[in-house]
Amino acid sequence: MIEVKILGTGCANCKATQKLVEKVCSDNAIPINLEKIEDTVQIMSYGIMSTPGVVVDGKIAHTGGIPDAKTVLSWFKSQCCPTDDKCC
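Residues numbered from 1 in each chain as written. Predicted model: local features only at pLDDT ≥ 70, side-chain atom pairs only at ≥ 80, totals over all residues. Heavy atoms only, no water.

### A word on the sheet that holds strand β2 (residues 32-37)
The strand order across the open sheet built from 4 strands is β2-β1-β3-β4, with neighbouring strands paired in mixed fashion. Where the open sheet ends on each side, the last strands, each with one partner, are β2 and β4 (59-63). The average undirected angle you get between the axes of adjacent strands in this sheet is 20°. Pairing analysis gives 6 bridges linking strand β1 (residues 2-7) to β2, with the strands arranged parallel. Paired with Lys5 across the two strands is Glu35, which belongs to β2. Along the sheet face, helix α1 (residues 12-27) touches β1, β2 and β3 (53-56) and points at about 175° away from the line of β2. (Pairing = 2+ DSSP bridges. Helix = DSSP H or I, 4+ residues; strand = E, 2+ residues; numbered from the N terminus. Axes fitted to C-alpha atoms, helices over the stretch in contact; angles between N-to-C directions. Contact = heavy atoms within 4.5 Å.)

Structure below.
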């Protein structure tokens, strides 16, 4: 299962990013374990200066603003489809 962390203090962009990640993963049958981190000390420990931030399997995938669905899907493409470029 892919570990995903949404980093943000609860602003509208953070909530929208979380919903988008959940929808993209649900629509593409990508299993994730999603954790929302709102504690500023924890967020800063990732070096995130602009929220929302998204961490996928321990690596920062995104910071600042709401990503688009195609970008979100690209974060998971290699994990859900390691040998097939047409899946997902």
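Additional details are given in the paragraphs that follow.
### Points about the nonpolar core
Ranked by internal contacts, the top residues of the largest apolar core, which has 14 residues, are Val4, Val21, Val72, Trp75 and Phe76. Those elements that place two or more of their residues in this core are β1, α1, β3 and α3 (69-80). Residues contacting Phe76, with those up to four places away along its chain left out, are Ile2, Val4, Val21, Cys25, Ile30, Ile32 and Val56. Leu7, Ile43, Ile48 and Val55 belong to the second largest nonpolar core, which has 5 residues in total. (Core = buried A, V, L, I, M, F, W, Y, C linked by side-chain atoms within 4.5 Å. Buried < 20%, exposed > 50% of the residue type's maximum accessible area, 1.4 Å probe, protein only.)

### Notes on the confidence of the model for the chain
The predicted model of the chain has a mean per-residue pLDDT of 90, with 88% of residues at 70 or higher. Mean pLDDT across the secondary structure elements of the chain bottoms out at α3, with 84, and peaks at β2, with 98. (pLDDT = per-residue confidence, 0-100.)

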